[in-house]
Structures are given as C-alpha cells and as structure tokens.
Amino acid sequence: MPSISTVSAVINGQTYNLTLDSASGKYKATITAPSKSSYNEPGHYYDVKVTAEDKYGNTVSADSTHATLGESLQLRVKEKTKPVIAVTAPTAGATVTNNKPAIKINVTDSDSGIDTSTFKLYIDNGPAITWMSGMRSEITDGYTWTYTPTTALSDGPHTLKIDVSDFDGNAATQKTSTFKVDTTPPSLSVYTPADNYYTNVTTLTLTGTTNDATSSPVTITIKVNNVDAGVVTVQSNGNFSKSITLISQMSPNVIVVTATDGAGKTSSVTRNVYCNTIAPYISNVTIEPNPVDAGATYVITVTVS
C-alpha cells in the first residue's frame, strides 16, 4: 500500500503543511483564520484546496468545487467587530428652526460591511423607519444615509435612536442623539415708553418682558436711532429694563427692541419717542379791545414759536 509523502492545504493564498496524527491516522494542522471576514469572498467563504502526494509522486487535490467534498472545503470566517453609527445632523444638542430637518447618519463597518436590511431609525416613540425610506451615498467603509421627516416635528426636544448590524450579525451599539425644534419666535412686550410718547428729558427707562418656551434664555438688544444702547440684563422671569438716551429733535427717536432666542428666532418692537428740551417762545400778545367794558368780551391773541 503506497505511503503518503505530504499533505498540504492552501487557504487565502497561504500554504500550510499538515502532519500525521498517529492516533487517528489523519493529517492535521492548527491554522490561524484570516483576519478578515469571508463575507466579501465569492460565495461568502474562503476556498480551501487540499493536496496529497505519495512517495511515488502521485498527487490528488480537492477544493470547494469538488463534487462530494466541496462543501467541507468552504471556510467561513466571521468578524466580531461591531459597526459604528454616527449622527451628523442635526448634531447632538442642536436647536433647529426647520420642523422637517434633514437627518444624516453615517454607518460604517470596515470588514463584512453594513447589512442595510437591519437598519432602523426611531424618532421619539414613533415606528421604525427603514433604510429604503431615505437616500444613501457611499463613504469609506459604509454609507451616509439621509432622511427628511414626512410629518412636521413639534416644537421642543426630540430623540433619535438608530440600530444596524453587519453581514456577520454583529449589532452596533444603539446610537441615541437628541435635538430641539424651535419654529416660534420669542414673545416680546415693551411696557414703557408707549409709542408716540412725548418727553422733555433726554433720559428715560425702557421696560418690558420676554420669554421663549423652547429656547430660553432670550437675549435683548436695544437700538436708539440705530445706535446700540449696550448690554441689557434679562431677569429669570423675563423682565428687563434699560436706561436709554434720547436726542432732542423735532423728528422722533426711533427705538427698536429685539428679542433673540437660542434658535436665532427674533421678535422686534419699535417705539417712536419725541424729545424736545427747548421751551416754546412767546413773541407777541394782543388783547382787543383793551380797555374792555366790564362784563363784555375781549379777544386775547398769542404768538408762540
């Protein structure tokens, strides 16, 4: 009976020699698996080619195409690294003024690849949104996926949750990200001065209140005749006051108060205030008739400028 000279196996371009196990009479080798998943190989496996040669130089080989041994010569290798999920828009903690913001998510896996059929996006407690509902573009090791909500999101906080797995069944750690929607400008009321107010002093105190339910705190700016009046302190209850300086002139002082919330939404109130510190001048007075009879009427005429 012919004796076997060598038995070898070729896997992923690497040749390995097998040695005879005297106890079982079989040839064996302990081999380190390829570092990459076999999913992206043809048929999703590494081909294993085994060759035996006897001392006479006769050889025989079998690989994954062999009629009877083929399936046993298909080496399947699975990776153990989870895919990575990143939310790029809206960014975590962002406040957006669009109630249908574009949601952009990067999903990457450097080995077996992203199994898009496992992708699910949840907005708050809504139903799962699948991969086919959005648009994808390829990036290194994966995709950028973009989705625009079909129904407007309410003002206030919202939470995104994303799940996905790779082709070897490794599930990514669920990604959670929160953001706020704010489509409503802040409320703004100016108590004093009233519009078309007249005064003979150049300094007065402007008072008012502001609030924004979604994106507090609110900042206040005041411009008098297009000149910034300086820092305005808004109290925790929304009230504010500011001493402003007017110009004594015949035309009105135009005061513009603007409230800006954390989302950049604004509300403005304009007040026209007339200021004149120059007293009127009496240039002429006449009384006719003068003298006048007791109990009779007379006319007094005054010229004022």
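Everything below is about the structure printed above this text.
Residues numbered from 1 in each chain as written. Predicted model: local features only at pLDDT ≥ 70, side-chain atom pairs only at ≥ 80, totals over all residues. Heavy atoms only, no water.

1. Quick look at the sheet that holds strand β9 (residues 103-108)
Right, so step 1: Spatial ordering of the open sheet is given by β7-β9-β13-β12, a layout of 4 strands whose pairing is antiparallel. Two strands bound the open sheet, and with one partner strand each, they are β7 (84-89) and β12 (135-139). Ignoring which end each strand starts from, the neighbouring axes of this sheet average 25 degrees apart. (Pairing = 2+ DSSP bridges. Helix = DSSP H or I, 4+ residues; strand = E, 2+ residues; numbered from the N terminus. Axes fitted to C-alpha atoms, helices over the stretch in contact; angles between N-to-C directions.)

2. Considerations on the environment of Ala171
Right, so step 1: In this structure, Ala171 sits in the loop between β14 (156-166) and β15 (175-181).
Right, so step 2: Residue classification places Ala171 among the partly exposed positions, given a relative accessible area of 43%.
Right, so step 3: Residues Ala171 and Lys82, 89 residues apart in the sequence, show an inter-C-alpha distance of 5.9 Å.
Right, so step 4: Non-local contacts of Ala171, meaning those with residues more than four positions away in its chain, are made with Lys82, Pro83, Val164 and Ser165. (Buried < 20%, exposed > 50% of the residue type's maximum accessible area, 1.4 Å probe, protein only. Contact = heavy atoms within 4.5 Å.)

3. Overview of the nonpolar core
Right, so step 1: Counting residues in each nonpolar core, the largest one holds 22 residues, and the members touching the most others are Ile105, Val107, Phe119 and Leu121.
Right, so step 2: It is strand β10 (residues 114-123) that provides the largest number of residues to this core, a total of 4 residues.
Right, so step 3: Beyond its immediate chain neighbours, meaning those up to four positions away, Phe119 contacts Ile105, Val107, Ile129, Thr130, Trp131, Trp145, Ile162, Asp163 and Val164.
Right, so step 4: Counting 18 residues, the second-largest nonpolar core is a separate cluster that includes Val190, Ile222, Val232 and Ala259. (Core = buried A, V, L, I, M, F, W, Y, C linked by side-chain atoms within 4.5 Å.)

4. A short note on the sheet that holds strand β17 (residues 197-199)
Right, so step 1: Taken in spatial order, the 5 strands make up an open sheet running β17-β23-β22-β19-β20, and their pairing is mixed. Of all strands in the sheet, those bounded by a partner on one side alone are β17 and β20 (227-228).
Right, so step 2: Inspection of the sheet shows strand β22 (residues 253-260) paired to strand β23 (residues 266-275) by 8 bridges, in the antiparallel sense. Bridging from a neighbouring strand, Val257 pairs with Val269 of β23.

5. Focus: the packing of aromatic side chains
Right, so step 1: Tallied over the entire structure, the rule returns 7 aromatic pairs.
Right, so step 2: Their ring planes at 80 degrees and their centres at 5.1 Å tell us that Phe119 and Trp131 sit as a pair that is edge-to-face. A residue pair is termed long-range when its members are at least 10 positions apart, and Phe119 in strand β10 and Trp131 in the loop between β11 (129-130) and β12 qualify at 12 residues. Across the pair, Trp131 and Phe119 agree in class, each one buried.
Right, so step 3: For the pair Tyr198 and Tyr274, a centre-to-centre distance of 4.6 Å together with 10 degrees between the ring planes defines the contact as stacked. Of this pair, Tyr198 sits in strand β17 while Tyr274 sits in strand β23, and the two are 76 residues apart along the sequence.
Right, so step 4: What links up through ring pairs into an aromatic cluster is the set Phe119, Trp131, Tyr143, Trp145 and Tyr147. (Phe/Tyr/Trp six-rings, centres within 6.5 Å; stacked < 30°, edge-to-face > 60°.)

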